[in-house]
Amino acid sequence: VQRALDPGTGIFPAEMTLGELFQAAGYRTALFGKWHLGGSPPSDPNSQGFDEVLGHRCGAIDNYSHYNYWGGPAPRHALWRDREPYREDGVFLPDLIVRESRRFMERHRDRPFLLFVASNQPHYPLQPEPRFLSQYAHVLDPSRRAYGAAVTSLDDKVGQIVRAIADLGLAQDTIVVFMSDNGHSLEPQAGGGGGSAGPFRGAKPTLWEGGIRVPSIVSWPGHIARGQVRDQMASAMDWLPTLARYCGIDVSSLALDGRDLSGLIASPGAPSPHEVLHWMILGTYWAVREGRWKLLHRNEGRFLVDLEADPGESANLASARREVADRLQARHEAWGLKPVYDAAQE
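Right, let's walk through the structure included here. In this text, all values refer to a predicted model and were calculated from it rather than measured experimentally.

### A short note on the overall build of the protein chain
Alright, step 1. Within the protein chain, the secondary structure is distributed over eight helices and 15 strands.
Alright, step 2. C-alpha extents for the protein chain along the principal axes are approximately 60 × 50 × 40 Å.
Alright, step 3. Within the protein chain, the proportion of its 346 residues that are buried is 45%.
Alright, step 4. Restricting to contacts in the protein chain with at least 6 residues of sequence separation, those with at least 24 account for 55%.
Alright, step 5. For the protein chain, the exposed area adds up to about 17,600 Å²; of that, 55% sits on carbon and sulfur atoms.

Spelled out as C-alpha cells, the structure:
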C-alpha cells in the first residue's frame, strides 16, 4: 500500500485495482467522476482496468465549465471521455455522472458489471444546486449552508443511481457500497469548510479520527441484513477482497493489505480482521492503531490515545504509557518507513 502511488506519475502499474480485478473476471467496468491516480498511461483509468471512463483525472473541477478548479499550473478544460477531451459545457457534472451511470447499466444489464462513481461533490468548489441551497436558507454560516446543500445534492444523485438499479430489475443482484474517502475539508478552497466530524478531532488531511474515520454503507438485498451497524476496525482497502468474496473471484494469489469483511458483516460479534492498521502522509506524519490504542507521530513528537476511553483524542498518554507507544512505533517501523524520532520531544 505504501508504494501504491508514485508522486511523479500516479499509481504504480503493478498494483491491482478493483477495475483490473473485475475486468479480468469478465465484468464490464466503468468509472465516472474523479480518478486522481495518474493522468496518462500506464496510470490513467483506462490502463487500470476501466473499460469506460468519463471524468477528471486530478485535482478538482468546476462542475459547470469543467475547467480545473485546483490541480494544475493554468486554467484548462479537464473533462475526459476515455483518453479524449470531452465537452458538454454548462451541464452540471453530477448530472452527467448520473446519466452515464444509467446508460452504462442499461447497456450491460444482462452481464456482470462494476460501476465506480467518484463524485466531485461535496468536494470544492462547493456549487450546490439552487433547489437544495434554498432548503438551508435558515443556516447563518455560509460555508455550512453551502456544504449542507452540496451533501443533499450528492444524496439526490446517489438516490437516482440506486433507483435506476431497481428500475432495471437488478436490485437483488447488485451490491452497493457507499463511503467517503476522508473527513471534511477546512481548506480555503472550501471556504474554510462547512462539515463536521462530530465528537472526533481533526479533519482532512489529518490522521486524527476526524480525518480518517468515515462512514460506509453496504447494501445487498436478500444477502446482507438491513439496519445493522458494525464498529469493528476496518479500512477502505478491505472492500477489494470483500467484494471479490461476494462475487466468487479468487484473490488467494494476490498480496493484499485489505482483509475480507464478509464474516464481520454477517456477524456483529466477529472480530476485526485487522490486528493493526497504518496510515501515512508524506512519510513524516503517520499513525498506527492496534485495538484501542492509536499512536500518531508528527514533527512535534508522539501522541498516544486510548480510543475507547478518549475517542475525541484529547489526552496524550505517550509519556504515561511509554511502553505502549514504543511497541506501536516498533510495529510501524517494522511495517514501513523509519521515522525520525527524538524521545526528548515528548
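From this point on, the discussion continues.
### Overview of the sheet that holds strand β15 (residues 301-306)
Alright, step 1. Spatially, β12-β13-β14-β15 is the arrangement adopted by the four strands of the open sheet, whose pairing is antiparallel. Two strands bound the open sheet, and with one partner strand each, they are β12 (277-281) and β15. Each neighbouring strand pair of the sheet contributes to a mean axis angle of 10°, computed without reference to strand direction.
Alright, step 2. Pairing geometry for strand β13 (residues 285-290) and strand β14 (residues 293-298), over five bridges, is antiparallel. By the bridge assignment, Glu-290 is partnered in β14 with Trp-293.
Alright, step 3. The strands that helix α8 (residues 322-335) touches are β12, β13, β14 and β15; relative to β13, the one it contacts most, it runs at about 110°.

### Overview of the packing of aromatic side chains
Alright, step 1. Throughout the structure, instances matching the rule amount to nine aromatic pairs.
Alright, step 2. The rings of Phe-32, Phe-104 and Phe-113 are connected pair by pair, giving a single aromatic cluster.
Alright, step 3. Stacked on the ring of Trp-80, the Lys or Arg Arg-57 has its end atom at 4.0 Å from the ring centre.
Alright, step 4. In this arrangement the basic side chain of Arg-201 is found over the ring face of Trp-208, its NZ or CZ atom lying 3.7 Å from the centre.

### Structural notes on the packing of helix α2 (residues 93-107) against helix α4 (residues 142-167)
Alright, step 1. At a closest axis distance of 10 Å, the pairing of α2 and α4 adopts a crossing angle of 10°. Compared by their axis directions, α2 and α4 come out roughly parallel. Packed against α2, whose contacting residues are Pro-94, Asp-95, Val-98, Ser-101, Arg-102 and Met-105, the element α4 presents Lys-157, Gln-160, Ile-161, Ala-164 and Ile-165 at the interface.

### With respect to the nonpolar core
Considering soluble globular proteins, one finds that nonpolar side chains tend to be buried as a cluster.
Alright, step 1. With 20 residues, the main nonpolar core has Leu-21, Phe-22, Phe-50, Tyr-246, Ile-249 and Ile-265 as its most contacted residues.
Alright, step 2. Within the residue set of this core, elements represented by two or more residues are α1 (18-24) and α6 (239-246).
Alright, step 3. Among the elements that line this core, the one with the most residues is α6, at five residues.
Alright, step 4. Setting aside residues no more than four positions away along its own chain, Phe-22 makes contact with Tyr-27, Thr-29, Leu-114, Leu-243, Ala-244, Cys-247 and Ile-249.
Alright, step 5. Formed by 19 residues, the second largest nonpolar core is a distinct cluster that contains Ala-30, Ala-164, Leu-168 and Leu-170.

### As for the pairing of β14
Alright, step 1. Counting buried positions over the six residues of β14 gives six, a clear majority of the element.
Alright, step 2. The hairpin formed by β13 and β14 contains two residues between the paired strands, and Gly-291 there has a positive phi angle of roughly 60°.
Alright, step 3. Taken together, β14 and the strand that follows it, β15, pair antiparallel across an intervening segment of two residues.

### Comments concerning empty space enclosed by the protein
Alright, step 1. Applying the stated criterion across every chain, the model contains one cavity of 30 Å³ or more.
Alright, step 2. Estimates place the volume of the largest cavity at around 40 Å³.
Alright, step 3. Together, Leu-31, Gly-33, Trp-35, Pro-45, Val-53, Gly-55, His-56, Arg-57, Trp-80 and Asp-82 line the largest cavity.
Alright, step 4. Looking at the lining of the largest cavity, the elements with two or more residues in it are β3 (28-34) and β4 (52-56).
Alright, step 5. Among the elements that take part in the lining of the largest cavity, β4 stands out by supplying three residues, more than any other.
Alright, step 6. Residues belonging to the lining of the largest cavity are distributed by class as follows: five nonpolar, three polar and two charged.

### Quick notes on α4
Alright, step 1. Taking 1.5 Å per residue as the helical rise, α4 with its 26 residues ought to reach 38 Å, and the 37 Å between its terminal C-alpha atoms agrees with that figure.
Alright, step 2. If you check the start of α4, you find a side-chain oxygen 2.9 Å away from the backbone N of Ser-143, and it comes from Asp-141.

### Side note on the pattern of salt bridges
Alright, step 1. Throughout the structure, instances matching the rule amount to 25 salt bridges.
Alright, step 2. In this structure, the salt-bridge partner of Asp-306 is Arg-292, at a minimum N-O distance of 2.8 Å. Here the residue Asp-306 occupies a position in strand β15, and Arg-292 occupies one in the loop between β13 and β14, the gap between them amounting to 14 residues.
Alright, step 3. Among the residues examined, Asp-306 registers a relative accessible area of 10% and is labelled buried.
Alright, step 4. Overall, the relative accessible area of 34% leaves Arg-292 in the partly exposed class.
Alright, step 5. A salt bridge links Lys-294 to Glu-313; the shortest N-O distance between them is 2.9 Å. Of this pair, Lys-294 sits in strand β14 while Glu-313 sits in the loop between β15 and α8, placing them 19 residues apart in sequence. As far as the burial class goes, Lys-294 and Glu-313 line up, both buried.
Alright, step 6. Among the charged side chains, a network of salt bridges with common partners joins Arg-81, Glu-88, Arg-99, Glu-100 and Arg-103.

The rules behind the values
- Residues numbered from 1 in each chain as written.
- Predicted model: local features only at pLDDT ≥ 70, side-chain atom pairs only at ≥ 80, totals over all residues.
- Heavy atoms only, no water.
- Helix = DSSP H or I, 4+ residues; strand = E, 2+ residues; numbered from the N terminus.
- Buried < 20%, exposed > 50% of the residue type's maximum accessible area, 1.4 Å probe, protein only.
- Contact = heavy atoms within 4.5 Å.
- Areas by Shrake-Rupley, 256 points an atom, 1.4 Å probe, with all protein chains shown as cover.
- Pairing = 2+ DSSP bridges.
- Axes fitted to C-alpha atoms, helices over the stretch in contact; angles between N-to-C directions.
- Phe/Tyr/Trp six-rings, centres within 6.5 Å; stacked < 30°, edge-to-face > 60°.
- Lys NZ or Arg CZ within 6 Å of the ring centre and 35° of its normal.
- Parallel < 35°, antiparallel > 145°, perpendicular 65-115°, else oblique.
- Core = buried A, V, L, I, M, F, W, Y, C linked by side-chain atoms within 4.5 Å.
- 1 Å grid on protein atoms, 1.4 Å probe; cavity = no way out; pocket = protein on both sides within 12 Å on 5 of 7 lines; lining within 4 Å.
- Points joined across faces, edges and corners; volume = space filled by probe spheres on them.
- Nonpolar A, V, L, I, M, F, W, Y, C, P; charged D, E, K, R; others polar.
- Expected span 1.5 Å × (residues − 1).
- Polar contact = N/O pair within 3.5 Å; in protein donor to acceptor, adjacent residues only side chain to side chain.
- Salt bridge = Lys/Arg side-chain N within 4 Å of Asp/Glu carboxyl O.

Limitation: the analysis is restricted to geometry and does not speak to function.
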